[in-house]
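Breakdown of the fold
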Amino acid sequence: MKSIFQYEHPFVCTDAVVLTLKEQKTDNYRKLPETELRILLYRRTESPYQDCWCLPGGFLNIDEMPEDNIRRKIFEKSHVNRCYLEQLYTFCRVDRDPRARVISLSYLGLMDEDTSDAFKKESVWFTVKNVSGQPFFFQDNDLLLSEEDIGFDHCEIIHMAIERLQSKIQYSNIVFHLLPEAFTLTQLQNVYETILGKKEQAANFRRKIMDMVAETGHSTSDKGHRPAKLYTRRQK
């Protein structure tokens, strides 16, 4: 009988597609802010793919659970320490890493805007452009990245994560991980429209989601806008 140590072993790593939404403020107080989908990327400082932008992640320690590993790696690269995570897919193409056979356990991560403020300088929130089409582009102020600027097979992971999110918000309550505890129905609709890349009539949208939310009894007090009721996720 062969010993287990006689077999070659692949390396195992984790990668996370961490997404948030950002309201872009406008100088026109009568105009509602637009919402952008953002992704957390960091610039690699060593080969392979030196100077390319990648997803947070890293190699799994022998005594470490994958979710503990990815939470640690996200914090090390970004200082983000509170994030909803769910396992996305196992990426195991033989040549996905030029150094060795590396299997990636990937995750979809979501957080609301208020918890995405603090991150190290090597990590940047990029706006995801062209959500409803391909290829993606990623923009932070004047820095514009194409898929060729993304290392490894991380663009493939990003595509799958966004497709998963676009699918799941239509039949689950996953969307609430991208919102603060209290929100308006307009904010909620903006989240759906930003992720799906299409507009929807307000009346139709509200009919579909009213059984998912509950009134808080409070309203907004934004200057220039009529007060809007605040809602929260309905507890079932």
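In every chain, residue numbers begin from 1 and rise along the written sequence. Reporting of local features is limited, given that this is a predicted model, to residues whose pLDDT is at least 70; pairs of side-chain atoms are given and counted only at 80 or more, and all residues count toward the totals for whole chains, interfaces and linings. Side-chain measures were taken over the full set of non-hydrogen atoms in the model, leaving aside hydrogen atoms and water.

A tally of helices and strands in the protein chain yields four helices and eleven strands. With the C-alpha coordinates of the protein chain rotated into their principal frame, the extents come out at 70 × 45 × 30 Å. Across the 236 residues that make up the protein chain, the buried fraction comes to 45%. For the protein chain, contacts bridging at least 24 residues in sequence account for 58% of all contacts bridging at least 6. Total accessible area computed for the protein chain in this model is approximately 13800 Å², and 48% of it derives from carbon and sulfur atoms. By the counting rule applied here, Lys and Arg register as positive and Asp and Glu as negative, while His and the ends of each chain are not counted. Positions of charges follow a simple convention, taking NZ of Lys, CZ of Arg, CG of Asp or CD of Glu. Treating the 33 positive side-chain charges of the protein chain as one cloud and the 35 negative ones as another, the clouds have centres 5 Å apart. Think of it this way: any DSSP run of H or I at least four residues long counts as a helix, any run of E at least two long counts as a strand, and we number them from the N terminus. For the exposure calls, accessible area comes from a 1.4 Å probe over protein chains only, and a residue counts as buried if that area is under 20% of its type's maximum, exposed if over 50%, partly exposed in between. When checking whether two residues touch, look at their non-hydrogen atoms; a contact exists if any pair is within 4.5 Å. Calculation of accessible area relied on Shrake-Rupley with a 1.4 Å probe; when residues are assessed, cover is drawn exclusively from the protein chains displayed.

The working definition used for a salt bridge is a side-chain nitrogen of Lys or Arg within 4 Å of a carboxyl oxygen of Asp or Glu. Evaluated as defined, the whole model comprises 15 salt bridges. We note a salt bridge from E36 to R38, for which the minimum N-O separation is 3.4 Å. By the burial criterion, E36 is buried, and R38 matches it. Note that R93 is salt-bridged to D95, the shortest N-O span being 2.8 Å. What makes R93 partly exposed here is its relative accessible area of 42%. Through salt bridges with shared partners, a single network forms among E64, R72, K73 and E76.

So, on to the confidence of the model for the protein chain. For the protein chain, mean pLDDT is 88; residues scoring 70 or higher make up 91% of the total. The predictor attaches a confidence to each residue, and that confidence, scored 0 to 100, is pLDDT. The spread of mean pLDDT over the elements of the protein chain runs between strand β7 (residues 123-129), the lowest at 86, and strand β6 (residues 102-110), the highest at 98.

A pair of aromatic rings is counted whenever rings of Phe, Tyr or Trp (Trp by its six-membered ring) have centres within 6.5 Å, and the orientation is called stacked for planes under 30 degrees apart, edge-to-face for over 60 and tilted otherwise. Applying the stated criterion across every chain, the model contains seven aromatic pairs. Note on Y49 and F152: the rings are 4.6 Å apart at their centroids and 50° apart in plane angle, and the pair reads as tilted. Linking Y49 in the loop between β2 (34-43) and β3 (53-54) with F152 in the loop between β9 (143-145) and α2 (154-168), this pair joins segments that are 103 residues apart in sequence. Judged by relative accessible area, which is 33%, Y49 ranks as partly exposed. Ring geometry for Y192 against F205: centres 5.1 Å apart, planes inclined by 70°, an arrangement best described as edge-to-face.

Looking now at the packing of helix α3 (residues 185-196) against helix α4 (residues 202-209). The convention used is that axes are lines fitted to C-alpha atoms, helices contributing only their stretch in contact, and that angles between N-to-C directions extend from 0 to 180 degrees. The contact between α3 and α4 brings their axes to 11 Å, and the two run at 95°. Our classification of the angle between α3 and α4 gives roughly perpendicular. Mapping the contact onto sequence places L185, T186, L188, Q189 and Y192 in α3 and A202, F205, R206 and I209 in α4. Residues are grouped as follows: Ala, Val, Leu, Ile, Met, Phe, Trp, Tyr, Cys and Pro are nonpolar; Asp, Glu, Lys and Arg are charged; every other residue, Gly included, is polar. Residue classes in the contact of α3 with α4 are distributed as six nonpolar, two polar and one charged. By definition in this entry, angles of less than 35 degrees are roughly parallel, angles greater than 145 are roughly antiparallel, angles of 65 to 115 are roughly perpendicular, and the rest are oblique.

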